[in-house]
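# A structural walkthrough
One letter stands for each residue in the lines below.
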Amino acid sequence: MTVLLEMNAIQKAFNGVPALSGASVEIERGEVHALIGQNGAGKSTMIKVLTGVYRRDDGKITFNGHDSVLTNPREAQAAGIATIYQELTLVPLRSVTENVMMGYEPKRFGAFIDWPAAHARTREILTRFGIDIDVKMPLGSYSTAIQQLVAIARAVSLDAKLVIMDEPTSSLDSSEVKTLFGVVRSLREAGVSVLYVSHFLDELFEICDRVTTMRDGKTVGCARLAETTKLDLIAGMLGRDTSEITEAGMTEFGGGTAKKGDILLEAKDVATGPRLTKFNMTLHRGEIVGLGGLLGAGRTEAARALFGVDPLRRGTISLKGAPAPSQPANAITAGLGYLTEDRKAEGIIPDMSVRENMTLALLPRMTKGGQIDRARERKIVQHYIDALGIKTADMEQPIRELSGGNQQKVLLARWLAIEPDILILDEPTRGVDVGAKREIQLIIRNFVDRGYSVVLISSEFEELVEGADRIVVLNEGRCITELTNPGVTEHKLVQALAQTSEASA
Amino acid sequence: MSTTITETRRKSVRQLVHGHGGIVALLAILLFNMAFTPNFLQLQTLFVNISQVATIAIVAMGMTLVIATGGIDLSVGAIMALAGALAPLIFLSEFGAANPALGVTLAIALPMLVAIACGLFNGIMVAKLNVQPIIATLILFISGRGIAQVLTNGNLQTFTNPHFSYLGTGKVLGLPFQGWLAIGIAIFLYFIISRTTFGRYVLAIGGNERAAQLSGGPVALVKIGVYMICGALAGLAGLIVVAINSASDAARNGSLMELDAIAAAVVGGALLQGGRAPIFGAILGAVIIQLVKYTLLANGVQDEVALIAKAGIILVAVYVQQARKE
Ligand SMILES: Nc1ncnc2c1ncn2[C@@H]1O[C@H](COP(=O)(O)OP(=O)(O)OP(=O)(O)O)[C@@H](O)[C@H]1O
Ligand SMILES: [Mg+2]
């Protein structure tokens, strides 16, 4: 095999703070190469240096036998590097076809876009991923998972030498992940290299050949996956000895321990639209209820209904015996919090600081004589930065400059800070590293142990099965069955899902 | 090694120009005037400019707030005309003549209320009925001036009322009253933006409206609020213009002011997609716009050409903003 890409001793600092200090990676042709590291280790920065989004301060990049001096992502694409960035960069208001074909539209008479051909080509590309959707609809009308698959499909269709995927599976469930792996394997067979960033270490052993580990902006190791263990990888990422880390219980949850208190939240036959037609759930004090289901099952829609975002068409929701509030602002006052699934579109306010982002939901309760109580604000923010180990230069740094996993922690803190009775968490550990994931799960568990309750949505079955006391299983907008811990296994959940999708097929 | 040093230096110069592009532009205009414009360095010139700048700045600050939420307000010029037309009607009325003190008070208060009501109308159209801001405010842009002209039968209203005229001709510590007023408003708005929940929500809505809504932000109320503030400031500016001239001309009061205000806000650093509210930037922008107007006028350039120059300034300001984003 020959080397396709070599990045050597890369340096990159932002406003004097180094993000990369001597990072290196080497990828062979036809290799699936993993890049791992804790949140903020510099993985995404490394990729953006490669594709010309950022200019490196120092270091050498050789791509396809030539010195690479890419200065913008378009050049990277032309050179044969297709990238799926961590934060989706598609245009939600444009149709699926426009997004997939952007810049490569089939033309008629050399000038006019041949729409029928474009739609057909898009359908063909998406079929490889088993996605069957109306390509003329705006992309934003589909779920995050579909959007992510569309981004991947676009990148793969570009006929590249190197495909970069920055956390491609963070919003996919297991069946979609399988589809993706199939595509990755066929890319490898076609001699295309793949750079694969992920916090799901088990995945790496399934499809990657080699893995490069980063820590604090440096490369600390490169190994064949066949010759390493998960424990070694974690030790390398954290910079600790393997003996210090026990692998037992990769999630910090322990479901099924809750003593049921009184009923806090109850949904009866709730419908909000075509994607949520019959949703039933009860949530007791001190309990974690999981929502299980496949893509499009209506989990996020259920969360939105509970938080009063989407108006109810049918059914009732009661909160502590009273009718549930019908506006997010009222829901917050009534003691609800809702961590949304889509970090970029519904979570962060990019130009605002970490501090301002974190206290956004708390704002009404943080005033003194009409003014924001700034001393208290700083105290609260500092508390959560320490408690969640948020890696930020200081609390005034704009949130868009934080790494993806650290942005997620800030948003979690936004909701913990209002100290709600009920937290609705849609993919709470999306994009956070193994260590932080356990910490967050521990925080959720502690929160529940203090007598509060959680509605948990996660496309990671492990997290759901180990975390939830009960799992309400949804399919195509309807509640199908309910599984109760202890005794739920991933296998049982998968079975329940398989049966329901068969029954409805 | 030496290349990296020159590179960093070049970069820092560029950052300097980007961060303070407005101030650099201001200095350039001042230097140009000192060199070429006759009688530029005279107190009279300063007074004329301050009294002109104040009205642009007051309107531009309101515009900055609206733009910060991702909106725009085209109706400010029309609101100026409306408020300006109402004031003389009130203090020249029989009631106003009989009770001079009350007359002047009402002549300020009532037009302000009407201006605020206009802002309320804009705000409700945008926030409750989800009409695009540019369309929603077009309604009053078109009809507001029309109403003002109907109210005055299309006549020029002239008057002598020293109390009312103080708004536009009074002096405090030797400088025009409306200049102080503009500075006072700027300090007040700066405080609102940086220290209150309302201000925080304004920026949050412009930065990511859905996130603000889902975090419990009163999006509709805040939007209505900024349009009302913008309306109020436009009304005040309309009164000042009438006071300066001791005459109200509904056809010309505030004409094209929406363009000046938007230009001043953008030159001052407001982002049209929202999320930033540089209040003092708006004042700087207003000073630049006014000085460019003055420079061209003083050097005998025609009005029409001056318009083109203003368009050029907006273009440059937007270009600098785009470059800064990367
Ligand atoms: N534009 C920027 N301005 C300032 N700092 C930045 C910028 N982009 C990244 N950083 C900093 O560089 C460091 C590395 O970030 P990066 O996004 O590469 O991490 P990552 O390894 O991808 O983490 P994650 O797993 O959370 O996605 C972080 O400390 C981050 O705050
Ligand atoms: Mg990243």
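Please refer to the structure placed before this passage.
Let us look at the structure shown here. None of these values were measured; they are calculated from a predicted model. (Residues numbered from 1 in each chain as written. Chains lettered and ligands numbered in written order. Predicted model: local features only at pLDDT ≥ 70, side-chain atom pairs only at ≥ 80, totals over all residues. Heavy atoms only, no water.)

### Things to note about the interface of chain B and chain A
Every contact between the two is made by 18 residues of chain B and, on the other side, 32 residues of chain A. Carbon and sulfur atoms make up 56% of the area that chain B and chain A hide from each other, which totals about 2,100 Å². Linking chain B with chain A are three salt bridges. Between B:Arg200 and A:Glu356 there is a salt bridge, with its nearest N and O atoms 3.8 Å apart. In this structure, the connection of chain B to chain A is made through seven residue pairs in polar contact (both at pLDDT 80 or more). When residues of the side of chain B that touches chain A are traced back to their parent elements, those giving at least two are helix 9 (177–195), helix 10 (197–207) and helix 11 (209–214) of chain B. Among the elements that line the side of chain B that touches chain A, the one with the most residues is helix 10 of chain B, at six residues. (Contact = heavy atoms within 4.5 Å. Buried area = accessible area lost by both parts, 1.4 Å probe. Salt bridge = Lys/Arg side-chain N within 4 Å of Asp/Glu carboxyl O. Polar contact = N/O pair within 3.5 Å; in protein donor to acceptor, adjacent residues only side chain to side chain. Helix = DSSP H or I, 4+ residues; strand = E, 2+ residues; numbered from the N terminus.)

### Digging into the pairing of strand 11 (residues 210–215) of chain A
All names here are of chain A. For strand 11, the buried fraction is high: five of the six residues fall into the buried class. Bridge count for strand 3 (residues 32–37) against strand 11 is five bridges, and the pairing is parallel. Within strand 11, the residue paired with Gly37 across the bridge is Met214. Bridge analysis of strand 11 against strand 12 (residues 218–224) gives six bridges, and the strand direction is antiparallel. Bridging across to strand 12, Thr212 finds its partner in Cys222. (Buried < 20%, exposed > 50% of the residue type's maximum accessible area, 1.4 Å probe, protein only. Pairing = 2+ DSSP bridges.)

### A closer look at the side chain of A:Glu346
Inspection of the secondary structure assignment puts A:Glu346 in helix 11 (residues 343–347). Only 2.6 Å separates the side chain of A:Glu346 from the side chain of B:Arg210, close enough to count as a polar contact. Ignoring anything within four residues of it in the chain, the contact list for A:Glu346 reads A:Arg304, A:Thr340, B:Asn208, B:Arg210, B:Ala211 and B:Leu214.

No statement about biological role is implied by the geometric values presented.
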